[in-house]
Amino acid sequence: MSFWEKGYLATGLAVLIAGAGYFYFVWQQSAGLEQIAPPNWGTFGAYLIVVTIISAGSFITLGSLEARAADDPDTVGDFDERDRFVNMKSLAAASYITSIGGYLALVWFLFHHNGDLLFHSLVGALMIGEAAMCFLHVFNYNRAY
Amino acid sequence: MSFQEKSAWVMCFALIVSGAFYAWTVLALANVLQTVPPPNAGGLAMGVIIIVAIAIFGHAVAALGNPADANAPEDERDRLVVWRAGNLSGVLLGALCMLSIVSYAVFENGHLLFHALVAGLVISQIAEYALTIWYYRRGV
């Protein structure tokens, strides 16, 4: 498994775990209020910070571990032609997934007319798109593009 | 001009016409109501019909010009162009979605979030087709 593959796997898991935490908080708040909770910027900010720290931390840790094991540490983290193709293909497919999530959130809004629910749906679509992008990287690396 | 490039031109045109139509209906309603109007389901449905009609007519005309090219499978260059354009438009979509979220934080208006999200999705889609045309002409 290459450095990039491991890094994207860790980031994808971080998005899923932090996303589950975010929606658990939203669910708890909504249950307390007995209606859809309004956006909580503290929770949203915490989600972004957790994902950024885990993603950056895993890439840094994996990079240093790979550099210790490699014969030529300078080559760790190189982004070659294959990495570029995998990156483009994964991002392009993930953008379609995010778009579908966005369109579903819009159609749902036509029925419930709740801005807070539209906000949470959009955040969910972005999280799913982000996680899909990371796991598509892993899939495309393993499928040998 | 390849069939894929013609197809990108057709979709770009369809999205611009449909997006402009929807924006015009929303702005006209906003002028009357003097506030951000609620989602216009009829306008959205009309926009989708416009896209489908232009896409069917445009692709039929493009295919009639060169049927063999229209039936040819995508080659390596076509795939690269689509991935590259989709990659950049995906980044744009993410940025516009985040801007929509920030707009909700500032104005706390669900209708505005709805219209901002529609605009973000349409703009990123137009950007994808415009970039496809750009890469076909400039090379990848």
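Because the structure is predicted, anything quoted here is derived from the model rather than measured.

Now for the overall build of chain B. Regarding its fold elements, chain B presents five helices and zero strands. Helices and strands appear in chain B in the N-to-C order α-α-α-α-α. Looking at chain B as a whole, 41% of its 140 residues qualify as buried. In chain B, 83% of the contacts between residues at least 6 apart in sequence involve partners at least 24 apart. Split by element, the accessible area of chain B, about 7,200 Å² in all, is 72% carbon and sulfur. Side-chain charges in chain B split into 6 positive and 8 negative, and the spacing between the mean points of these groups amounts to 8 Å.

Once that is clear, we can look at the environment of Phe111 of chain A. One can find Phe111 of chain A in helix H3 (residues 81–112). Phe111 of chain A sits 92 residues away from Gly19 of chain A along the chain, and the two C-alpha atoms are 25 Å apart.

Our next topic: the side chain of Ser100 of chain B. By the secondary structure assignment, Ser100 of chain B is in helix H4 (residues 76–107). With sequence-adjacent residues up to four places away left out, Ser100 of chain B is seen in contact with Leu122 of chain A together with Leu113, Ala116 and Leu117 of chain B.

Quick look at the packing of aromatic side chains now. In total, this model carries 16 aromatic pairs over all chains according to the counting rule given. Ring geometry for Trp4 of chain A versus Phe79 of chain A: centroids 5.2 Å apart, planes at 80°, classification edge-to-face. Placement of the pair is Trp4 of chain A in helix H1 (residues 3–33) and Phe79 of chain A in the loop between helix H2 (41–69) and H3, with a sequence separation of 75 residues. In this structure Trp4 of chain A comes out as buried when scored by relative accessible area, which is 18%. Taking the relative accessible area as the measure of exposure, Phe79 of chain A reaches 40% and is therefore partly exposed. Where Phe44 of chain A meets Phe119 of chain A, the ring centres are 6.1 Å apart and the plane angle is 65°; that geometry is what we call edge-to-face. With Phe44 of chain A in helix H2 and Phe119 of chain A in helix H4 (residues 115–142), this pair connects stretches of sequence that are 75 residues apart. For the pair Phe44 of chain A and Phe119 of chain A, a shared accessibility class is recorded, and that class is buried. What links up through ring pairs into an aromatic cluster is the set Tyr22, Phe23, Trp41, Phe44, Tyr47 and Phe119 of chain A together with Tyr104 of chain B.

Residue and element names in this part refer to chain A. The grouping of Leu13, Leu16 and Ile17 at the surface amounts to a nonpolar patch, some 310 Å² of accessible area in total. Mapping Ile17 onto the fold places it in helix H1. Relative accessible area serves as the criterion here: at 63%, Ile17 is assigned to the exposed category.

Procedures and definitions
Residues numbered from 1 in each chain as written. Chains lettered and ligands numbered in written order. Predicted model: local features only at pLDDT ≥ 70, side-chain atom pairs only at ≥ 80, totals over all residues. Heavy atoms only, no water. Helix = DSSP H or I, 4+ residues; strand = E, 2+ residues; numbered from the N terminus. Buried < 20%, exposed > 50% of the residue type's maximum accessible area, 1.4 Å probe, protein only. Contact = heavy atoms within 4.5 Å. Areas by Shrake-Rupley, 256 points an atom, 1.4 Å probe, with all protein chains shown as cover. Lys, Arg positive; Asp, Glu negative; His and termini not counted. Charge placed at Lys NZ, Arg CZ, Asp CG, Glu CD. Phe/Tyr/Trp six-rings, centres within 6.5 Å; stacked < 30°, edge-to-face > 60°. Patch = residues over 30% accessible without salt bridge, like charges linked within 9 Å, V, L, I, M, F, W, Y side chains within 5 Å. Salt bridge = Lys/Arg side-chain N within 4 Å of Asp/Glu carboxyl O.

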